[in-house]
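Architecture and fold: a report
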Amino acid sequence: AQFQYIADRGLATAIYLALQRHRPLLLEGEPGVGKTEVARVLSQALATRLIRLQCYEGIDQATAVYDWNYARQLLYIRATEREGSGQTAAGGARIADVFGPEFLIRRPLLEALDAAHERAPVLLIDELDRSDAEFEAFLLELLSDYAITIPELGTLRAEQPPIVVLTSNRTRDLHDALRRRCLYHWIEYPTLEKEYAIVRMRVPEAPELLARQVVAFVQALRGEDLYKAPGVAETLDWLAAPGAL
């Protein structure tokens, strides 16, 4: 209740085991059941940073892991050449240094492994099912060893492994190799009683009768043959709308 999230016993157990065993936690379920919110609440409860990677079709290493600061590299090379040391052994070594850590742009996955964190951050890899199989395969090294290999620098390992939460709306099946590396939990739509408790906690200003009516109607809607059933977020928005109006 302190962090405005109501978890059932199954989810709470999965989170506890993931923390105790230092294993990634894979959460699947329909959109709007609170998968992403788990990572946000975890970061608040542990008083640590939340690092989020939003997956999408075509996501690649340069977006998710790292990239080189090409503009800065070019300026460094030109400055080295102007000093007249570009053809010397020392100059050659300095040019080679353009692939050093100071020219590296850290994207979310690499940022999560950074040793500078005082506490292990929460790494949220959101909607993994939107990415392609190649990117999913790339994650195997990260999830197994909490390490990332950069050809120019070698393998970088986390001194404090991040707390990894992966979410999927199951628009496609994830590979078994990735599932084996994670603890798993399926989040269902909340029961009427649980959803009512959620809306009373998140929208306490709403009249009790209105809250019951909205929750009952949304619960009934989910039983209909809809293209997309309303999630808890839609329930909260609908209940908050009369107050805003």
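Everything in this summary refers to the structure shown in the same document. Starting afresh in each chain, residues are numbered from 1 along the sequence in its written order. Only residues with pLDDT of at least 70 are given local features in this predicted model, and only at 80 or more are side-chain atom pairs given and counted; all residues enter the totals for whole chains, interfaces and linings. With hydrogens and water set aside, each side-chain value is computed from the structure's full complement of heavy atoms.

**Quick look at the sheet that holds strand β2 (residues 50-54)**
Note: two strands are recorded as paired if DSSP finds a minimum of 2 bridges between them. Under the DSSP-based scheme used, a helix requires at least four consecutive residues in state H or I and a strand at least two consecutive residues in state E, with every element numbered from the N terminus. If you trace the 5 strands from one edge of the open sheet to the other, you get β2-β5-β8-β1-β9, paired in parallel fashion. Both edges of this open sheet fall to β2 and β9 (183-187), since each of them pairs with a single strand only. Across this sheet, the average inter-strand angle for adjacent strands is 20°, counted without regard to direction. As judged from the 5 bridges shared by β2 and strand β5 (residues 122-126), these two strands associate in the parallel manner. Note that in β5 the partner of L53 across the bridge is I125. A fitted line through C-alpha atoms represents every axis, and for helices the fit uses only the stretch in contact; the resulting angles, taken between N-to-C directions, go from 0 to 180 degrees.

**Some thoughts on the pattern of salt bridges**
We define a salt bridge as a contact between a side-chain nitrogen of Lys or Arg and a carboxyl oxygen of Asp or Glu at a distance within 4 Å. According to the stated counting rule, one finds 12 salt bridges in the structure shown. Across the salt bridge formed by R170 and E28, the nearest N and O atoms sit 3.4 Å from each other. In this pair, R170 is assigned in the loop between β8 (163-168) and α8 (176-179) and E28 in strand β1 (residues 25-29), connecting sequence segments 142 residues apart. R170 gets classed as partly exposed once you look at its relative accessible area, which sits at 42%. Burial classification: accessible surface area is computed with a 1.4 Å probe over protein chains only, and a residue below 20% of its type maximum counts as buried, one above 50% as exposed, and the rest as partly exposed.

**Description of helix α10 (residues 208-221)**
For α10, spanning 14 residues, the distance from its first C-alpha to its last is 20 Å, which sits close to the expected 20 Å at 1.5 Å a residue. Any two residues having at least one pair of non-hydrogen atoms within 4.5 Å are treated as being in contact. Those residues of α10 that are buried lie in contact with α9 (192-202) and α11 (232-244). One fewer than the residue count of a helix, multiplied by 1.5 Å, yields its expected span.

**Let's talk about the packing of α10 against α11**
At a closest axis distance of 10 Å, the pairing of α10 and α11 adopts a crossing angle of 145°. Where α10 crosses over α11, the two elements pack in a sense that is right-handed. Residues L210, A211, V214, V215, F217 and V218 of α10 form the contact with α11, whose own contacting residues are T235, W238, L239 and P242. Split into classes, the residues belonging to the contact of α10 with α11 amount to 9 nonpolar, 1 polar and no charged. Put simply, a crossing is left-handed when the front helix is turned counterclockwise from the back one by less than a right angle, and right-handed when it is turned clockwise. We call Asp, Glu, Lys and Arg charged. Ala, Val, Leu, Ile, Met, Phe, Trp, Tyr, Cys and Pro are nonpolar, and the rest, Gly among them, are polar.

**Quick notes on the side chain of R222**
As for its placement among the helices and strands, R222 is situated in the loop between α10 and α11. Among the polar contacts made by the side chain of R222, one reaches the main-chain carbonyl oxygen of P230 at a distance of 2.7 Å. Setting aside residues up to four positions removed in sequence, R222 forms contacts with Y189, P190, E195, A229, P230, G231, V232 and T235. For the purposes of these results, a polar contact is taken to be a pair of N or O atoms within 3.5 Å, where, inside protein, one atom must be able to donate a hydrogen and its partner to accept one; residues adjacent in sequence count only when each atom of the pair is a side-chain atom.

**Notes on the packing of aromatic side chains**
Aromatic rings from Phe, Tyr and Trp, with only the six-membered ring used for Trp, were paired whenever their centres fell within 6.5 Å, and each pair was classed as stacked if the ring planes differed by under 30 degrees, edge-to-face if by over 60, and tilted otherwise. Enumeration according to the criterion identifies 4 aromatic pairs in this entry. On the basis of an interplanar angle of 80° and a centroid distance of 6.2 Å, the ring pair of Y66 and W68 is categorised as edge-to-face. Note on accessibility: Y66 and W68 belong to one class, buried. Each ring, one from F217 and one from W238, has its centre 5.6 Å from the other, and the planes form 70°; the classification is edge-to-face. Of the two residues, F217 is situated in helix α10 and W238 in helix α11; the sequence distance between them amounts to 21 residues. A ring is considered to have a charge above it if a Lys NZ or an Arg CZ atom is located within 6 Å of its centre and within 35 degrees of its normal. If you follow R72 out to its NZ or CZ, it ends over the ring of F103, 5.2 Å from the centre. Stacked on the ring of Y196, the Lys or Arg R212 has its end atom at 4.2 Å from the ring centre.

**Side note on the side chain of D129**
As for its position among the elements, D129 is in the loop between β5 and α7 (133-145). Only four residue types enter the charge count, namely Lys and Arg as positive and Asp and Glu as negative; His and the chain termini do not. With no salt bridge to any partner, buried D129 finds its closest opposite charge in R130, at an N-O distance of 5.7 Å. Among the polar contacts made by the side chain of D129, one reaches the main-chain amide nitrogen of N169 at a distance of 3.2 Å. Within the structure, D129 has its side chain in polar contact with the backbone nitrogen of R170 (distance 3.3 Å).

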